[in-house]
Amino acid sequence: MKRSVLALQVLLVSGFGVVSTQSTVSEWGQCGGIGFTGSTTCVVGTTCQVINEWFFQCVPDSSSVGPTTTVLSTGTGSATSTAISSPTATVTGFVKTSGIHFTLNGKPFTVVGQVLITNSRNRANAYWVGLMGYGVPDMMTAFHAIAATGASVCRTNGFNEVTAPGGVAYYQSWSGSTPTINFGANGLENFALADNVVTAAKANGIRLIVTLTNNWEDYGAFLVSIQLALHLMNTLSGGMDVYVNQLLGQGQPHDFFYTNPTVIAAYKNYVKTFVTRYLNEPGILAWELANEPRCLGTTGTGSGTCTISTISTWIEEMSSFIKSIDSNHLVAIGDEGFFNDPGNPTFVYQGFQPSLGIDFAANLNISTVDFGTFHDSYDNADQTFGAQWIQDHATTMIASNKPVLMEEFSVAENTIEQYTDWYSIIESTGMAGDLIWQAGSILSNGPSDPNLAVYPGSDVYILNTQHAAALRARDGDPQ
Ligand SMILES: *[C@@H]1O[C@H](CO)[C@@H](O)[C@H](O)[C@H]1NC(C)=O
């Protein structure tokens, strides 16, 4: 979740918020459904198909789409069609772990999906879904596209700290040192049980991994820019630094988030409120303590005293706190998976560095941490690095006997070659699953955040579909 500036520029250029005058809907675009107000005319060569009551889609005439099976277009590169199951609406039971596997009702559960900043059944990242002010029809479009790859999980944001209420949506606003949690329609209600993110995910058979705060401010900056595009002026920032700045003073060290009792109490209060709201919600797969916790954040301001033990102590306290109020859901850290290997010359294996403070293997051994995560977007050009990075996390997974997910990864070039290589390592090592960055959909106001997005029908989308099927077959996932 660190690429928002680029994403923003593209969004601005594409005229976010401008009413579309387009009269035909492109291939895979939405052409109807409850609440949909756009064009219902599909581009030549495609037909508007009812996928569900919320979502009609322009499907290529050569494809056959029935009530239980969708046949995807092959895109441009591949020669075979890929049949996939349509989404189901049965999301019951809580996902648990057993050794290195996830389980559901005692049977294997494959975690595969995308980041949708609202997360997938293990391998879907789509960060824009929860907070960008999209309505249920757009959420249905997004989750449907994720589910159609065979995804089971999507990773998304359960945080959005602001310092002036208003705008598209926010979950917690700060006035001086006083936080107010927003329960309204542009707050938790938009995420919540009866509506919106969770419901739209569940309607497509998708469970969510929810991240409860952010090491970085940029997601907030992204929202500011969106608001500028919409001519809404609000002062937003985000993440751990909002807690530190509001409670301890502007510019105080980022790592005081992990140690200051007042800050810890405020974060616990937010976490308790959010988690309690979803105690009995099977659509939540797991809580993550933070997106990519590190000793230093966006500003680079630190106390100089933050070490691996600073953050691991915080992980122990926060994960056991969540366990004490919620015994239903899994808990993970949400970190990038840095190793503490002093002999290794590569930075991401030097978690002892003062800017990082992460020891993946030691943190995974904390009893109240249910599974491990790592991210892979550090060296887009280096397929060999990625392969070793995955292999090393699989080795640690086996040693700790807990599941591990590659939950945020993307490459900009040679995508098919690199993902094919990485997926084969994930499949063969027993790695529990993965969530690619990031889900893409054509929404009511145009394409979602295009930054490295995987849109329906693309070569990577089809590869993801084949990979999800391979993982499920490997695991014997009966879903
Ligand atoms: C984590 O626990 C496993 C199993 O007990 C052990 O082999 C491994 O050395 C531990 N790792 C660390 C870093 O403590």
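These figures come from a predicted structure and were not determined experimentally. (Residues numbered from 1 in each chain as written. Predicted model: local features only at pLDDT ≥ 70, side-chain atom pairs only at ≥ 80, totals over all residues. Heavy atoms only, no water.)

A. Expanded view of the confidence of the model for the protein chain. In the predicted model, the protein chain carries a mean pLDDT of 78, and 74% of its residues have values of at least 70. Taken together, the stretch residues 2-21 has pLDDT below 50 and engages in 37 contacts with residues farther than four places along the chain or on a different chain. Low pLDDT, under 50, characterises residues 117-131; the stretch is placed with 160 contacts to residues that sit more than four places away or in other chains. (pLDDT = per-residue confidence, 0-100. Contact = heavy atoms within 4.5 Å.)

B. Layout of the site of the ligand. In the neighbourhood of the ligand, the contacting residues comprise Ala361, Ala362, Asn365 and Ala399. Between asparagine 365 and the ligand, the recorded distance is 2.4 Å, taken from a side-chain N or O atom to an oxygen atom. When the free accessible area of the ligand is taken as 360 Å², the share hidden by the protein chains comes to 37%. A class-by-class count of the residues in the shell around the ligand yields three nonpolar, one polar and no charged. (Near = heavy atom within 4 Å. Polar contact = N/O pair within 3.5 Å; in protein donor to acceptor, adjacent residues only side chain to side chain. Areas by Shrake-Rupley, 256 points an atom, 1.4 Å probe, with all protein chains shown as cover. Nonpolar A, V, L, I, M, F, W, Y, C, P; charged D, E, K, R; others polar.)

C. Representation of the environment of glycine 239. Position of glycine 239 relative to the elements: it lies in the loop between α5 (218-229) and α6 (240-248). When its relative accessible area of 0% is taken as the criterion, glycine 239 is described as buried. In sequence terms glycine 239 and phenylalanine 159 are 80 residues apart; their C-alpha atoms lie 7.7 Å from each other. (Helix = DSSP H or I, 4+ residues; strand = E, 2+ residues; numbered from the N terminus. Buried < 20%, exposed > 50% of the residue type's maximum accessible area, 1.4 Å probe, protein only.)

D. Highlighting the sheet that holds strand β6 (residues 95-98). With respect to topology, three strands assemble into an open sheet ordered β6-β7-β8, the strand pairing being antiparallel. On the outer flanks of this sheet lie β6 and β8 (107-108), each paired with one strand and no other. Alignment of β6 against strand β7 (residues 101-104), held across four bridges, turns out to be antiparallel. Bridging from a neighbouring strand, threonine 97 pairs with phenylalanine 102 of β7. (Pairing = 2+ DSSP bridges.)

E. Region of interest: the pattern of salt bridges. Evaluation of the coordinates by the stated rule reveals eight salt bridges. Across the pair glutamate 407 and arginine 155 runs a salt bridge whose closest N-O atoms are separated by 3.1 Å. In this pair, glutamate 407 sits in strand β19 (residues 404-409) while arginine 155 sits in strand β11 (residues 153-157), placing the two residues 252 residues apart along the sequence. Looking at glutamate 407, the relative accessible area reads 0%, which means it is buried. Looking at arginine 155, the relative accessible area reads 0%, which means it is buried. The structure contains a network of salt bridges with shared partners spanning Arg155, Glu288, Glu407 and Glu408. (Salt bridge = Lys/Arg side-chain N within 4 Å of Asp/Glu carboxyl O.)

F. Summary view of the state of the cysteines. Counted according to the given criterion, the structure contains two disulfides. Between the sulfur atoms of cysteine 295 and its disulfide partner cysteine 306 the distance amounts to 2.0 Å. With the S-S bond torsion at -75 degrees, the cross-link from cysteine 295 to cysteine 306 turns out left-handed. Residue cysteine 295 is found in the loop between β16 (284-288) and α9 (308-325), and its partner cysteine 306 is found in the loop between β16 and α9; the two are separated by 11 residues along the sequence. Comparing cysteine 295 with cysteine 306 shows no difference in burial state: the two are buried. (Disulfide = S-S within 2.5 Å.)

G. Quick look at unusual backbone geometry. Geometrically, the link from tryptophan 437 to glutamine 438 is a cis peptide bond, its omega value of -5 degrees lying close to zero. If you check the backbone angles, glutamate 292 has positive phi at about 55 degrees while not being a glycine. Here glutamate 292 shows up in the loop between β16 and α9. The exposure class assigned to glutamate 292 is buried, which follows from its relative accessible area of 0%. The backbone of asparagine 414 shows a phi angle near 50 degrees, a positive value even though the residue is not glycine. Along the chain, the position of asparagine 414 falls in the loop between β19 and α12 (415-429).

H. The arrangement of the pairing of strand β15 (residues 207-211) in detail. Of all five residues that make up β15, five are buried, and the element is covered over most of its length. One ladder, built from five bridges, connects β11 with β15; its direction is parallel. Bridging across to β15, asparagine 157 finds its partner in threonine 211. With four bridges connecting them, β15 and β16 associate as parallel partners.

I. Layout of the nonpolar core. If you look at the biggest cluster of nonpolar residues, it comprises 86 residues, and the most contacted ones within it are Phe143, Leu212, Phe257, Trp287, Trp314 and Tyr419. Of all hydrophobic cores here, the second largest spans 15 residues; its members include Val111, Val153, Ala286 and Leu435. (Core = buried A, V, L, I, M, F, W, Y, C linked by side-chain atoms within 4.5 Å.)

J. View of the pairing of strand β13 (residues 172-175). The sheet contact formed by β13 and strand β14 (residues 178-181) spans four bridges and is antiparallel. Counterpart to serine 173 in the pairing with β14 is threonine 180. Between the antiparallel neighbours β13 and β14 lie two residues, among them glycine 176 with a positive phi of about 60 degrees.

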